[in-house]
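# Structure assessment
Residues per chain are reported as follows:
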Amino acid sequence: MGVAIAVDNLNAWYGKTHTLKGITLEIAANSATALIGPSGCGKSTFVRCLNRLHETAPHARVEGTIRIGDEDIYDDASPVEVRRRVGMVFQRPNPFPTMSIYENVAAGLRLGGVAKRAELDEVVERSLRQAALWEEVKDHLRTKSGASLSGGQQQRLCIARALAVDPEVLLMDEPASALDPVSTGKIEDLIFELKDDYTIVIVTHSMQQAARVAEDTGFFLSGELVEFDKTDRIFTNPRDKRTEDYITGRFG
Ligand SMILES: Nc1ncnc2c1ncn2[C@@H]1O[C@H](COP(=O)(O)OP(=O)(O)OP(=O)(O)O)[C@@H](O)[C@H]1O
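About the thresholds
- Residues numbered from 1 in each chain as written.
- Predicted model: local features only at pLDDT ≥ 70, side-chain atom pairs only at ≥ 80, totals over all residues.
- Heavy atoms only, no water.
- Near = heavy atom within 4 Å.
- Polar contact = N/O pair within 3.5 Å; in protein donor to acceptor, adjacent residues only side chain to side chain.
- Areas by Shrake-Rupley, 256 points an atom, 1.4 Å probe, with all protein chains shown as cover.
- Helix = DSSP H or I, 4+ residues; strand = E, 2+ residues; numbered from the N terminus.
- Nonpolar A, V, L, I, M, F, W, Y, C, P; charged D, E, K, R; others polar.
- Phe/Tyr/Trp six-rings, centres within 6.5 Å; stacked < 30°, edge-to-face > 60°.
- Buried < 20%, exposed > 50% of the residue type's maximum accessible area, 1.4 Å probe, protein only.
- Patch = residues over 30% accessible without salt bridge, like charges linked within 9 Å, V, L, I, M, F, W, Y side chains within 5 Å.
- Salt bridge = Lys/Arg side-chain N within 4 Å of Asp/Glu carboxyl O.
- Lys, Arg positive; Asp, Glu negative; His and termini not counted.
- Charge placed at Lys NZ, Arg CZ, Asp CG, Glu CD.
- UniProt positions renumbered as here; feature names shortened; annotations may be inferred.
- Pairing = 2+ DSSP bridges.
- Right-handed = clockwise from strand over helix to strand, strands pointing away.
- Axes fitted to C-alpha atoms, helices over the stretch in contact; angles between N-to-C directions.
- Contact = heavy atoms within 4.5 Å.

- By the naming in an unreviewed UniProt entry, the protein goes by Phosphate ABC transporter ATP-binding protein, PhoT family and is assigned to Terriglobus roseus.

Written as structure tokens, this is what we have:
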């Protein structure tokens with residue numbers, strides 16, 4: 001399996017606070033990679049560096065390199081282009097509340113200049129099918145708003161919206177932590193399906209979830225990547241005592 005994202009000596013700051021310290025890792029293409037670690041250790045900051053969202057925070061700064069495919073995303077590409085290639089789904093589902101289901105999914109395409117009805121229809125259907133939401137919403141695409149859906153459906157709508165612009169990478173920052181167990185299961189099933197076609201990076205507080213969905217797992221602590229390895233290895237035979245303490249619940 002190839003490398004989708006190569007991160008080399010990544011450092012990130014909020015003002016004077018050094019939040020990510022010398023992160024180096026390679027994220028495999030067409031697989032799911034989980035990031036775990038106690039609250040405040042820098043997981044969200046890390047994924048926000050992968051689509052250049054970190055730099056939108058006040059006084060935020062990044063050093064180091066991130067290559068996606070052949071491109072250094074901080075040198076060779078604009079933030080807008082990076083965010084098209086690297087989609088993101090957040091902890092709280094955030095559909096555009098007043099827009100219809102259809103318009104939520106079509107929004108990114110319209111911004112990119114796609115105006116043909118047939119093309120929009122096709123991508124909206126494909127994206128909703130990929131997000132396992134089509135059957136539930138196909139009869140109300142234009143009449144129901146994003147906000148009228150349940151939390152779990154809203155999150156799958158956000159996934160469809162992210163997929164509509166044809167990204168290579170999907171970042172998911174605790175995508176199921178606001179959802180009930182049934183909706184969580186649907187999101188996990190979806191991650192399983194989607195990793196055939198996309199590279200997925202998922203931040204999670206649930207070690208069970210990491211173990212269920214991810215091939216590789218990274219353990220962050222105080223802004224450092226303590227350990228990065230096959231998920232099995234991290235959970236059964238970690239190399240670092242701090243990883244072992246965390247996964248066995250001795251802290252965090
Ligand atoms: N916009 C911001 N401005 C200043 N400091 C921030 C900002 N966002 C996060 N931080 C700080 O950066 C550090 C890392 O936060 P981050 O959200 O990346 O951690 P996390 O591991 O994702 O935490 P959690 O699991 O609680 O979401 C924390 O100390 C946090 O307070």
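Read on for the rest.
## Describing the site of the ligand
- Around the ligand, the neighbouring residues are Tyr14, Thr19, Pro38, Ser39, Gly40, Cys41, Gly42, Lys43, Ser44, Thr45, Glu174 and His205.
- In this structure, an oxygen atom belonging to the ligand sits 2.8 Å away from a main-chain N or O atom of Gly40.
- In the environment of the ligand, an oxygen atom lies 3.1 Å from a nitrogen or oxygen atom belonging to the backbone of Cys41.
- For the ligand, the accessible surface in isolation is 630 Å², of which the surrounding protein chains cover 58%.
- Element by element, the count of residues in the shell around the ligand is highest for helix H1 (residues 43–50), at three residues.
- Of the residues belonging to the shell around the ligand, the class tally is three nonpolar, seven polar and two charged.

## Comments concerning unusual backbone geometry
- In this structure, Asn30 is a non-glycine residue whose phi angle is positive, near 50 degrees.
- With respect to the helices and strands, the residue Asn30 is situated in the loop between strand E2 (17–28) and strand E3 (32–36).
- Look at Arg52: it is not a glycine, yet its phi comes out positive at around 60 degrees.
- Examined against the element boundaries, Arg52 turns out to sit in the loop between H1 and strand E4 (60–68).

## Comments concerning the packing of aromatic side chains
- Tallying each qualifying case throughout the model produces two aromatic pairs.
- Each ring, one from Phe46 and one from Phe220, has its centre 5.4 Å from the other, and the planes form 50 degrees; the classification is tilted. Taken together, the positions of Phe46 in helix H1 and Phe220 in strand E9 (residues 216–221) put the pair 174 residues apart, joining distant regions of the chain. Across the pair, Phe220 and Phe46 agree in class, each one buried.
- An angle of 25 degrees between the planes, with centres 4.9 Å apart, marks the rings of Phe219 and Tyr246 as stacked. Residue Phe219 is located in strand E9, and its partner Tyr246 is located in helix H10 (residues 241–247); the two are separated by 27 residues in the primary sequence. Neither Phe219 nor Tyr246 differs from the other in exposure class; each is buried.

## Concerning a negative patch on the surface
- Together, Asp189, Glu193, Asp196 and Asp197 give the surface a local cluster of negative charge.
- Position of Asp189 among the secondary structure elements: in helix H7 (residues 181–194).

## A few points about the UniProt feature "domain: ABC transporter" (unreviewed entry) in the protein
- Per the UniProt annotation, the sites labelled "domain: ABC transporter" (unreviewed entry) are residues 5–247.
- Secondary structure across residues 5–247 comprises 38% helix and 27% strand; the distance between its end C-alpha atoms is 26 Å.

## Re the pairing of strand E8 (residues 199–203)
- Counting buried residues along E8, five of its five residues qualify, which places the element largely inside the surrounding structure.
- Residue alternation in E8 divides its side chains into two sets, Thr199, Val201 and Val203 and Ile200 and Ile202, and both sets are buried.
- Both E3 and E8 contribute to a ladder of four bridges, which runs parallel. Following the sheet pairing, Ala34 is matched in E8 by Ile202.
- Two strands pair when backbone bridges link them, and strand E7 (residues 169–173) and E8 are joined in this way by five bridges, in the parallel orientation. Note that in E8 the partner of Met172 across the bridge is Ile202.
- Taking the sense of rotation as the criterion, the β-α-β connection linking E7, H7 and E8 turns out right-handed.

## Looking at the sheet that holds E7
- The strand order across the open sheet built from six strands is E6-E7-E8-E3-E9-E10, with neighbouring strands paired in mixed fashion. Looking at which strands have only one partner, the edges of the open sheet turn out to be strand E6 (86–89) and strand E10 (224–230). Ignoring which end each strand starts from, the neighbouring axes of this sheet average 20 degrees apart.
- In this structure, E9 lies alongside E10, joined through six bridges in antiparallel fashion. By the bridge assignment, Thr217 is partnered in E10 with Asp229.
- Sitting on the sheet, helix H6 (residues 151–164) touches E6 and E7, and the angle it makes with E6 is about 170 degrees.
- Sitting on the sheet, H7 touches E3, E7 and E8, and the angle it makes with E8 is about 150 degrees.

## What about H1?
- Of all eight residues making up H1, six are buried, and the element is well covered by its neighbours.
- Along H1, the positions that sit buried rather than exposed are Lys43, Thr45, Phe46, Val47, Cys49 and Leu50.
- Immediately downstream of H1, the backbone of Arg52 shows phi near 60 degrees, a positive value.

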